[in-house]
Amino acid sequence: MTVRYAVGKALGAFATLAFVVVFNFFLFRIVEGNPVATLYRGRNLTDAQREALTHQFGLDGSQFEQFLRYLEQTVQLNLGRSYATNQPVIDEIWAAAPQTIALVGVATLISMVIGIVMGISSGWNRGTTKDRVLTSTSMTTWSTPDFWLGMILLTVFAVRLGLFPTGGIEDPSSGATGLEKLLDQAWHMTLPCLTLAIAYVGEFALVMRSSILDVMREDYLTLARAKGLRDAQVRDRHAVRNALLPSTTLIAINFGFVLSGAIAVETVFSWPGLGLLTTESLAGPDLPMLQGLFLVFSASVIVFNLVADLAYPFLDPRVRYR
Amino acid sequence: MTALAWERRRRALGRTWSEYRRDREGMVGLIVLAVFVAIALLAPLFADESQLHAVNTVDNAVWAPPLDHPPLGTDNLGRPVWDQLVYGSQVSLLVGVAATLIAIVIGTVVGVTAGFFGGWTDSVLNRLSEWFLVIPFIPLAIVLAAILGPSLKNIILVIGVTSWPVTARLIRAQVLTVKQRLFVERSRALGASSAHVMGRHILPNVMPLVIANATLTVPIAILSETTLAFLGLGDPLRVSWGSMLDDAFSAGALGREAWWWYLPPGLCVIAVVLAFTLIGRALEAILDPRLRAGRQG
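**Details of the overall build of chain B**
- Broken down by element type, chain B carries 13 helices and zero strands.
- For chain B, the succession of helices and strands along the chain, N to C, is α-α-α-α-α-α-α-α-α-α-α-α-α.
- In terms of overall dimensions, chain B has a C-alpha envelope of 75 × 45 × 35 Å along the principal axes.
- Sorting the 297 residues of chain B into buried and exposed places 43% on the buried side.
- For chain B, long-range pairs separated by at least 24 residues make up 71% of all intrachain contacts whose partners lie at least 6 apart in sequence.

In structure tokens form, the structure reads like this:
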């Protein structure tokens, strides 16, 4: 691990981010139409009002002036105002982000642990019935549309059995505070979280299985066995530790996708996070909101990828000394 | 030369097939897929297209459970779920295959160019595919679909232009190894042009990998179509499994427990996606030299 490696990776991430910012501007300028006219359709605006609104939405001046102003504002984290609510986009994103981070973060952690254990078990016992059952389970959950799974779980556990609420984040009529409120929110989060955990578990299991299979051909496993170690020792001390490396990258990348990971599932459970915000912005469409969300989603992936790149040499000395 | 080459390729194909036939999971995938393709192609034999439009279903009972309106009941407008399911298979398969074709063509062109020419071409193309890899895929597809407007063509385009980078990387790596082989060097020494070497030597050697990879890209495209259609970004004029789920969810089918409406489309998606995945894995095991070595070792 050299400073040069770290700086190179950081610069690469920065270049990607810059590209996203520029791309974002031009992408959203493809759309024809005048949002001021659309938004205030049927209302009599004076010329002065129209001008003020156009200015407020950053739609006056030449394309180049708009671009410069967009760059300046983006650097200051000013992502413009929502066409729908006229609130600053960044405020709405800040307000919705914690719910998404809680939901998808917990689901990712659960599926990560279960998936890795499943992958180790099926890879180490490859070709057995156990392996076949675990692998087909993983492939089936991977093939399932997550929001559809959510619809099924919602029907069974919320509508039919009445065990869980059908949606939202808390019971609006309860007026609970403190710990009670938190428990109520956890209660509302259970079903969407379970949905996502099942949806993600397959990928972790399949990646872990294939990296266990890769490691099983290595000489140091033969050596460990030759030393007379028990099978479980060979597995846990030698195979798993090395096989975890590719999964670490997958985990980091998955955490990058946390923010954007649950768009459809949040919609099914009306969970008030970034995903629901995205679907709501599709009606209209609320372009500044979509633009801001897309920027935040991309930035989070880029940052976590950088973290994975920088952490890797610490985890794997072979990369460090190369 | 060509006759000889074709004969050799035909024999190689025969060998691949006889190896493929021994893969039980791959065969299951192939049979399931064949059933769905037959249903999609022969849809008029199994279902009545006029029943997809609410104007023609005013006489049907609405929200009818399967027993009241066999085989699968009706939706909130009296449209039979079965007819929607049959015609929906066309959109899912079409989007899956067409988007994959776009992704494979872009991915192959980018991968072969990057691997073959190297240098700054390689760096620029690498950065481009890296960028597409880190972009959150579903949000990008959502944004593009929202901007371009909902239509079958746009859905295919959106999924196609966002799913090529994995293919490009795989192909590039393969080209880099093929490039070092002696027959490429010999061809060069005999004065072959870049175009000739690429077309006659590199591409045929990379092709098997392209095919295996394509089979594994289709399920991702089908899942993406389902999600985009569920979010209301599908073609409003065509019924697809995703748009059925959207209709059912928006009409409040969950609260009414009208499971016959939204259970079947999801099961169909799972079946088709699994079928493609099984076929892709079987092909990969036969065609990817790295896995092959692993199997023997």
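**Focus: the overall build of chain A**
- Helix and strand counts for chain A come out as 14 helices and zero strands.
- Listing every helix and strand of chain A by position from the N terminus yields α-α-α-α-α-α-α-α-α-α-α-α-α-α.
- Dimensions along the principal axes, computed over C-alpha positions, put chain A at roughly 85 × 60 × 35 Å.
- The 322 residues of chain A split such that 38% are buried.
- In chain A, the share of contacts with a sequence separation of at least 24, taken over all contacts with a separation of at least 6, comes to 73%.

**Some details on the nonpolar core**
- Counting residues in hydrophobic clusters, the biggest one holds 150 residues, and the most contacted among them are A:Leu196, A:Leu293, B:Ala141, B:Ile142 and B:Ala145.
- Top element by residues in this core is helix 12 (residues 259–287) of chain B. It accounts for 17 residues.
- Not counting the four nearest positions on each side in its chain, A:Leu196 is found in contact with A:Val104, A:Ala107, A:Asp146, A:Ala262 and A:Val265.

**Brief notes about the environment of B:Asp68**
All names here are of chain B.
- Tracing the backbone shows Asp-68 in the loop between helix 3 (43–46) and helix 4 (81–117).
- Under the C-beta neighbour-count criterion, Asp-68 is labelled exposed, with 11 such atoms within 10 Å.
- When neighbours within four sequence positions are excluded, Asp-68 is seen to be in contact with Ala-61 and Gly-73.

**Some thoughts on the interface of chain B and chain A**
- Between chain B and chain A, the contact holds 32 residues from the first and 35 residues from the second.
- Going through the elements one at a time, helix 5 (119–134), helix 6 (137–148), helix 10 (194–230), helix 11 (241–250) and helix 12 of chain B are the ones with two or more residues in the side of chain B that touches chain A.
- The element best represented in the side of chain B that touches chain A is helix 12 of chain B, accounting for eight residues.
- Residues that form the side of chain B that touches chain A fall into these classes: 23 nonpolar, seven polar and two charged.

**Section: helix 2 (residues 24–41) of chain B**
Residue and element names in this part refer to chain B.
- Over its 18 residues, helix 2 extends 26 Å from the first C-alpha to the last, a length consistent with the 26 Å expected when each residue adds 1.5 Å.
- When helix 2 is considered as a whole, its buried residues turn out to be Gly-26, Gly-29 and Leu-33. Around the axis of helix 2, the buried residues are gathered within 60 degrees of arc, so they sit on the same side. In helix 2, the exposed positions angled more than 90 degrees off the buried face are occupied by Arg-24, Ile-31 and Ala-34.
- Those residues of helix 2 that are buried lie in contact with helix 1 (2–21) and helix 12.

**Concerning helix 12 (residues 274–282) of chain A**
- When helix 12 of chain A is considered as a whole, its buried residues turn out to be A:Leu274, A:Gly275, A:Leu276, A:Leu277, A:Thr278 and A:Ser281.
- Buried-residue contacts for helix 12 of chain A involve helix 5 (89–124), helix 11 (263–268) and helix 13 (287–315) of chain A together with helix 6 of chain B.

**Quick word on the confidence of the model for chain B**
All names here are of chain B.
- A residue-level look at chain B finds 96% of positions with pLDDT of 70 or above and a mean pLDDT of 87.
- Within chain B, the lowest mean pLDDT, 50, falls on helix 13 (residues 289–296), and the highest, 95, falls on helix 11.
- The complex prediction reports pTM at 0.88, with the ipTM value standing at 0.89.

**A few points about the confidence of the model for chain A**
- With 93% of its residues at a pLDDT of at least 70, chain A reaches an overall mean of 84.
- When pLDDT is averaged over each element of chain A, helix 7 (residues 146–160) of chain A comes out on top at 94 and helix 2 (residues 35–39) of chain A at the bottom at 61.

**Quick notes on unusual backbone geometry**
- The phi torsion at A:Leu77 lies on the positive side, around 60 degrees, for a residue other than glycine.
- Residue class for A:Leu77 comes out partly exposed when judged on the 13 C-beta atoms lying within 10 Å of it.
- At B:Trp63, a residue that is not glycine, the phi angle is positive and equals roughly 55 degrees.
- Examined against the element boundaries, B:Trp63 turns out to sit in the loop between helix 3 and helix 4.
- Assessed through the 18 C-beta atoms surrounding it within 10 Å, B:Trp63 is described here as partly exposed.

**Some remarks on the environment of B:Arg200**
Residues and elements named next belong to chain B.
- Looking at where Arg-200 falls in the secondary structure, it is placed in helix 10.
- We classify Arg-200 as partly exposed; it has 16 C-beta atoms within 10 Å.
- Distance from Arg-200 to Val-184, taken between C-alpha atoms, is 9.6 Å for residues 16 residues apart in sequence.

**Observations regarding the packing of helix 6 of chain B against helix 10 of chain B**
All names here are of chain B.
- For the pair helix 6 and helix 10, interaxial distance at closest approach is 11 Å and the crossing angle is 55 degrees. Taken together, helix 6 and helix 10 sit at an angle that is classed as oblique. Both helix 6 and helix 10 take part in a crossing whose hand is right-handed. In this structure, helix 6 contributes Ile-138, Ala-141, Ile-142 and Ala-145 to the contact, and helix 10 contributes Ser-224, Thr-227 and Leu-228.
- Grouping the constituent residues of the contact of helix 6 with helix 10 by class yields five nonpolar, two polar and no charged.

Conventions and cut-offs
Residues numbered from 1 in each chain as written. Chains lettered and ligands numbered in written order. Predicted model: local features only at pLDDT ≥ 70, side-chain atom pairs only at ≥ 80, totals over all residues. Helix = DSSP H or I, 4+ residues; strand = E, 2+ residues; numbered from the N terminus. Buried ≥ 20, exposed ≤ 12 C-beta atoms within 10 Å, placed from the backbone. Contact = placed C-beta atoms within 7 Å. Core = buried A, V, L, I, M, F, W, Y, C linked by C-beta atoms within 7 Å. Nonpolar A, V, L, I, M, F, W, Y, C, P; charged D, E, K, R; others polar. Expected span 1.5 Å × (residues − 1). Arc of directions from axis to C-beta. pLDDT = per-residue confidence, 0-100. Axes fitted to C-alpha atoms, helices over the stretch in contact; angles between N-to-C directions. Parallel < 35°, antiparallel > 145°, perpendicular 65-115°, else oblique. Left-handed = near helix turned anticlockwise from the far one by under 90°.

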